[in-house]
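Below are the chains, spelled out letter by letter.
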Amino acid sequence: MLSFEHRYATLPEPLSVECAATPVANPELIAFNAPLAAELGAKEIPDEATLAAWFSGNQTMPNASPRALGYAGHQFGNFVPQLGDGRALLLGEVVDQHGKRRDVQLKGSGRTPFSRGGDGRSPLGPVLREYLVSEFMAAMGIPTTRALAAVTSGERVVRQLPEPGAVFTRVASSHIRVGTFQFAAVRRDEAALKALADHAIERHYPEAVNAQDPYLALLEAVVARQAALVARWMSIGFIHGVMNTDNCSIAGETIDYGPCAFMEQFDPQKAYSSVDQGKRYAFANQPGIAQWNLARFAETLLPLLNEQGDAGVAQATDAIRRFDGLFSAEQRHLHADKLGLAADSVDAEALMEGLESQMHQGRMDMTATFDALTHYAASPTDEHRDALLALTTQPQSLTAWLEAWQAAQVAGQEEARFAAMRRGNPVIIPRNHRVQEAIDAAYDGDFAPFYTLLGVVTQPFDDSTEARRLAAPATDSEQVLRTFCGT
Ligand code: AMP
Ligand code: MG
């Protein structure tokens, strides 16, 4: 079905090792992403039983050659020299319809040489969560790994309690992480480091080949993509939850949807992850953490940069410093869209700060606020204004903010304003309680809520009745206060 190539496998040995999947008892297909498969060049799609066998690892797909990849990483600030794919296997790479090389990876397919104490498995909950959230991000146009398939294993995995097991198939531009570079660097394996950097350049930043210093150009390009990515996350309230260097993609995609969550009531200090006690990865900390991760990336490149002389350290430092400006520039235009203001509006930033403080002080739901504001922009009726004011505990100060916002608008631009606002403000996000509801139902054998939710979050700008129902913020009793990686 897929035409695999194995370029990564030709890189020096410690970067990947051959490893077979461990079969599961009774694989059953939950979901298969046919449009994505078509994008990957799949022609004939086999029957469900074959798909279940392939995407559980029970049968090796023709031409696949499973390998576990090595990587290191800073986890919550602490360096671990060897992590690696402890429960994942790269099946190979596929050159897609756009000529882009993409990785296809099984996750939850059994133990590997990198498993340490882990069982190499994944419970069903995190598989469904990653499916929903990554496909939503893709529908939003936010760079992300994708979901190709999900299969239940017919086995139990034991976490706090026994849970149904599942295998997820992830598609990524690559699985090269900051932690992959750290893995080569900490071993002082310069041959592996250079091969990895050359591979990353060829694969993700081919224009860097012609730069005066290709490795510096690689660093600069990764900094730019990460800055843009984190700005996109924050524009819709996304909290990654586990921004360790091993979850920081060199291709600039969102990767690893463990304990991620979308912010509901606006609060810059919000963190959901049960393992993030110190709130290191809280909403507003994300740009600073991304920059910190990129500094760790820069350190790994120093042996290559120093080939160009002592200027390497200074140049790398400059590249990292430029993160702030790149992040702010991206955020400025995202904010202008969200507020329906001109891209060069001098008021947009102050207005956004004002609205953020309204949302925070007035305990407003972030997505509902921007959605109601979009409706009010499209038709500034009393009804739409009242719907917006109903979201805050401080209607008077929000009314004053609305007046300032309307004063900043360019007259006669209603249509463009609405289009920009709709683009920046989804009707629906995968709300934590809805994701949990879909998972709970699946644990009782009912996948219907998962399919329904998947249908609406992958059309995030559609104003259907079903979307409206699932878009509503959680009531007090429905609120999910903590998320778990479920590893
Ligand atoms: P993650 O939290 O998914 O980013 O994983 C961090 C590290 O733990 C990676 O090296 C994973 O491969 C490893 N890991 C997570 N869960 C398991 C598991 N069930 N079995 C083996 N290794 C795991
Ligand atoms: Mg990870």
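These figures come from a predicted structure and were not determined experimentally.

**Student:** Honestly, the nonpolar core in this entry has me stumped. Any pointers?
**Tutor:** As a rule of thumb, soluble globular proteins bury nonpolar side chains together. Core analysis: the largest hydrophobic core is formed by 121 residues, its most contacted members being Met137, Phe181, Leu218, Leu219, Leu339, Leu373 and Trp405. The biggest single contributor to this core is helix α6 (residues 214–235), with 14 residues. What Trp405 contacts, discounting residues up to four positions off in sequence, is Leu339, Leu341, Leu351, Leu373, Tyr376, Ala377 and Met421. Grouped together as the second largest cluster of nonpolar side chains are 24 residues, Trp54, Leu91, Ala149 and Val151 included.

**Student:** I'm lost on the coordination of the magnesium ion (ligand 2) in this one. Help?
**Tutor:** In a perfect tetrahedron of four donors around a metal, the angles come out at 109.5 degrees. In a perfect octahedron of six, they are 90 or 180 degrees. Asn247 (OD1) and Asp256 (OD) make up the full set of protein donors to the magnesium ion (ligand 2), lying at 2.0 to 2.2 Å. Residue Asn247 shares its accessibility class with Asp256, and that shared class is buried.

**Student:** Would you explain the pattern of salt bridges in this entry?
**Tutor:** Opposite charge on two side chains lets them pair, provided their charged atoms get close. Taken as a whole and assessed by the stated rule, the structure comprises 25 salt bridges. Note that Glu93 and Arg101 form a salt bridge whose closest N and O atoms lie 2.7 Å from each other. With respect to class, Glu93 is no different from Arg101; both count as buried. Across the pair Asp198 and Lys194 runs a salt bridge, and its minimum N-O distance is 3.3 Å. Linking Asp198 with Lys194, this pair stays in helix α5 (residues 190–204), spanning four residues, or about one helical turn. What makes Asp198 partly exposed here is its relative accessible area of 32%. What makes Lys194 partly exposed here is its relative accessible area of 32%. Each member of the salt-bridge network shares a partner with another, and the members are Asp371, Arg422, Asp463 and Arg468.

**Student:** Whenever I open this one, unusual backbone geometry confuses me. Can you help?
**Tutor:** Backbone geometry follows two general trends: most residues other than glycine have a negative phi, and most peptide bonds adopt the trans configuration. Positioned with a positive phi, Arg116 is a non-glycine residue whose angle comes to about 45 degrees. Along the chain, Arg116 falls in the loop between β7 (101–107) and β8 (122–123). On the basis of relative accessibility, which here comes to 56%, the residue Arg116 falls in the exposed class.

**Student:** I'm lost on the site of ligand 1 in this one. Help?
**Tutor:** Neighbouring residues of ligand 1: 18 residues in total, closest Gly84, Gly86, Asp119, Gly120 and Asp256. One of the backbone N or O atoms of Arg121 is found 3.2 Å from a nitrogen atom in ligand 1. The side chain of Arg159 places a nitrogen or oxygen atom 3.4 Å from a nitrogen atom of ligand 1. When the free accessible area of ligand 1 is taken as 480 Å², the share hidden by the protein chains comes to 87%. Its residues assigned to classes, the shell around ligand 1 comprises two nonpolar, eight polar and eight charged.

**Student:** How should I be thinking about the packing of helix α10 (residues 348–361) against helix α13 (residues 395–408) in this particular structure?
**Tutor:** Helix packing for two helices is described by the angle between their axes and how far apart those axes are. Viewed as axis vectors pointing N to C, α10 and α13 meet at an angle of 160 degrees, and their least axial separation amounts to 10 Å. It follows from the interaxial angle that α10 and α13 lie roughly antiparallel. Crossing handedness for the pair α10 and α13: left-handed. In this structure, α10 uses Leu351, Gly354, Leu355 and Gln358 to contact α13, whose residues at the interface are Ser397, Leu398, Trp401, Ala404, Trp405 and Ala408. Of the residues belonging to the contact of α10 with α13, the class tally is seven nonpolar, three polar and no charged.

**Student:** For this particular structure, what's the right way to read helix α9 (residues 323–339)?
**Tutor:** Every α-helix carries 3.6 residues per turn, so stepping three or four residues along brings you back to the same face. With 17 residues, α9 should cover 24 Å at 1.5 Å per step; its first-to-last C-alpha distance of 24 Å lies within 8% of that length. What α9 keeps buried is the set Phe323, Phe327, Glu330, Gln331, Leu334, His335, Ala336, Asp337, Lys338 and Leu339. A positive phi of about 70 degrees marks Gly340, the residue just after α9.

**Student:** How should the packing of α6 against helix α8 (residues 311–321) be read in this particular structure?
**Tutor:** Following both chains from N to C, one finds α6 and α8 inclined at 15 degrees, their axes separated by 9 Å at the closest point. The pairing of α6 with α8 is recorded here as roughly parallel in orientation. As α6 runs across α8, the sense of the crossing is right-handed. Contact residues: Leu216, Leu219, Glu220 and Val223 in α6; Gln315, Ala316, Ala319 and Ile320 in α8. Residue composition of the contact of α6 with α8, grouped by class: six nonpolar, one polar and one charged.

**Student:** Looking at this structure, I do not really get the environment of Arg188. What am I missing?
**Tutor:** Counting through the fold element by element, Arg188 comes out in the loop between α4 (178–186) and α5. Here Arg188 falls in the exposed class, since its relative accessible area comes to 76%. Separated by 115 residues in sequence, Arg188 and Pro303 place their C-alpha atoms 9.4 Å apart.

**Student:** In this structure, what is going on with the packing of aromatic side chains? I would like to understand it.
**Tutor:** Two numbers describe a pair of aromatic rings. These are the distance of the centres and the angle of the planes. On inspection of all chains with the given rule, the structure shows 16 aromatic pairs. Ring geometry for Tyr376 versus Trp405: centroids 6.3 Å apart, planes at 35 degrees, classification tilted. Here Tyr376 is found in helix α11 (residues 366–378), whereas its partner Trp405 is found in helix α13, with 29 residues between them in sequence. Just as Tyr376 is buried, Trp405 falls in that class too.

Thresholds applied
Residues numbered from 1 in each chain as written. Chains lettered and ligands numbered in written order. Predicted model: local features only at pLDDT ≥ 70, side-chain atom pairs only at ≥ 80, totals over all residues. Heavy atoms only, no water. Core = buried A, V, L, I, M, F, W, Y, C linked by side-chain atoms within 4.5 Å. Buried < 20%, exposed > 50% of the residue type's maximum accessible area, 1.4 Å probe, protein only. Helix = DSSP H or I, 4+ residues; strand = E, 2+ residues; numbered from the N terminus. Contact = heavy atoms within 4.5 Å. Donors = N, O, S within 2.8 Å, 3.2 Å for Na, K, Ca; no water. Salt bridge = Lys/Arg side-chain N within 4 Å of Asp/Glu carboxyl O. Near = heavy atom within 4 Å. Polar contact = N/O pair within 3.5 Å; in protein donor to acceptor, adjacent residues only side chain to side chain. Areas by Shrake-Rupley, 256 points an atom, 1.4 Å probe, with all protein chains shown as cover. Nonpolar A, V, L, I, M, F, W, Y, C, P; charged D, E, K, R; others polar. Axes fitted to C-alpha atoms, helices over the stretch in contact; angles between N-to-C directions. Parallel < 35°, antiparallel > 145°, perpendicular 65-115°, else oblique. Left-handed = near helix turned anticlockwise from the far one by under 90°. Expected span 1.5 Å × (residues − 1). Phe/Tyr/Trp six-rings, centres within 6.5 Å; stacked < 30°, edge-to-face > 60°.

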